[in-house]
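Below, each chain spelled out in residue letters.
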Amino acid sequence: DAKTTQPPSMDCAEGRAANLPCNHSTISGNEYVYWYRQIHSQGPQYIIHGLKNNETNEMASLIITEDRKSSTLILPHATLRDTAVYYCIVTNAGKSTFGDGTTLTVKP
Amino acid sequence: GAVVSQHPSRVICKSGTSVKIECRSLDFQATTMFWYRQFPKQSLMLMATSNEGSKATYEQGVEKDKFLINHASLTLSTLTVTSAHPEDSSFYICSAITGGPNTGELFFGEGSRLTVL
């Protein structure tokens with residue numbers, strides 16, 4: 001599976017949009033991009049996924065570049081409860097390799 | 001939505017004993033499930049792919065005789081840590097994908113924290 005690269009940490013002000021980038025330059029044509037977040041001592045929580053089109057749900061938006069080599073997760077109005085480690089993974093049929101993720105800290 | 005459930009969420013055992021962790025897909029069938037291990041302040045590490053009705057596929061460096069995986073039905077995979085030692089203490093997480101490959105959503109269980117004394 002393709003590996004991903006994310007910045008180790010980011011800060012965001014409460015109420016502002018949080019934009020989390022992810023590079024997946026070796027992604028293959030049949031691999032999807034998934035985003036999860038993990039709060040201490042819990043399993044990863046699904047946020048959103050996509051193949052090549054931009055996606056939006058009640059939690060976030062996912063912007064995938066046209067060449068699919070990178071993507072951005074957007075939390076439109078970050079709250080303190082959004083503080084977590086965010087993982088971007090690419091996967092074919094569910095088998096995934098996790099990188100180190102981005103620790104997002106939302107500050108009041 | 002689809003849910004993947006693990007049991008137990010926490011288990012403490014004595015060194016040398018075996019511990020079984022269950023992973024269930026609650027409202028969908030999963031021919032394939034995945035097992036991960038996560039040490040404190042580290043990312044998830046894929047241990048093995050659990051295939052319904054056939055042998056599991058283990059990642060390099062994971063001892064198959066140490067971590068026994070059984071996927072006897074379309075909704076249940078079990079991970080048994082045999083002869084557990086303190087270094088096996090970790091957070092074990094399973095995942096499963098709904099529907100066909102890449103047509104569904106990939107969900108993770110809540111995790112099972114194993115502490116070996």
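This text follows the structure it describes.
Everything numeric in this text was worked out from a predicted model, so none of it was measured.

Reading guide: rules and limits
Residues numbered from 1 in each chain as written. Chains lettered and ligands numbered in written order. Predicted model: local features only at pLDDT ≥ 70, side-chain atom pairs only at ≥ 80, totals over all residues. Heavy atoms only, no water. Helix = DSSP H or I, 4+ residues; strand = E, 2+ residues; numbered from the N terminus. Rg over C-alpha atoms; globule rule 2.2 N^0.38 Å. Buried < 20%, exposed > 50% of the residue type's maximum accessible area, 1.4 Å probe, protein only. Disulfide = S-S within 2.5 Å. Contact = heavy atoms within 4.5 Å. Buried area = accessible area lost by both parts, 1.4 Å probe. Polar contact = N/O pair within 3.5 Å; in protein donor to acceptor, adjacent residues only side chain to side chain. Nonpolar A, V, L, I, M, F, W, Y, C, P; charged D, E, K, R; others polar. Pairing = 2+ DSSP bridges.

Chemist: Can you explain the overall build of chain A? Please cite residues and give values.
Modeler: In terms of regular secondary structure, chain A is built from 0 helices and 10 strands. The order of α-helices and β-strands along chain A, N terminus first, is β-β-β-β-β-β-β-β-β-β. Its C-alpha atoms give chain A a radius of gyration of 13 Å, within 12% of the compact-globule value 13 Å for 108 residues. With the C-alpha coordinates aligned to their principal axes, the bounding extent of chain A is approximately 40 × 30 × 20 Å. A buried classification covers 46% of the 108 residues belonging to chain A.

Chemist: So, the state of the cysteines: which residues are in play, and what are the values?
Modeler: Considering all chains together, one arrives at 2 disulfides over all chains under this definition. With a sulfur-sulfur separation of 2.1 Å, Cys22(A) is cross-linked through a disulfide to Cys88(A). Between Cys22(A) and Cys88(A), the S-S dihedral sits near -75°, and the bridge is therefore left-handed. Of this pair, Cys22(A) sits in strand 2 (residues 18-23) while Cys88(A) is found in strand 8 (residues 84-92), placing the two residues 66 residues apart along the sequence. Here Cys23(B) engages in a disulfide with Cys94(B); their sulfurs sit 2.0 Å apart.

Chemist: Tell me what's going on with the interface of chain B and chain A, and back it up with residues and numbers.
Modeler: Contacts between chain B and chain A engage 22 residues on the former and 22 residues on the latter. When chain B packs against chain A, close to 1,700 Å² is buried across both sides, 54% of that on carbon and sulfur atoms. Taken together, the links from chain B to chain A amount to 6 residue pairs in polar contact (both at pLDDT 80 or more). Listed by contribution, the elements that provide at least two residues to the side of chain B that touches chain A are strand 4 (32-38), strand 5 (45-51), strand 9 (90-97) and strand 10 (106-108) of chain B. When its residues are assigned to classes, the side of chain B that touches chain A shows 11 nonpolar, 7 polar and 4 charged.

Chemist: Before we move on, could you go through the pairing of strand 9 of chain B and cite the residues and values that matter?
Modeler: Each regular strand shows side chains that alternate between the opposite faces of the sheet. All names here are of chain B. Among the 8 residues in strand 9, 8 count as buried, and that is most of the element. Burial along strand 9 is two-sided: Ser90, Tyr92, Cys94 and Ala96 facing one way and Phe91, Ile93, Ser95 and Ile97 facing the other are all buried. Where strand 4 lies against strand 9, 6 bridges are found, and the strand directions are antiparallel. Residue pairing across strands places methionine 33 opposite alanine 96, the latter belonging to strand 9.

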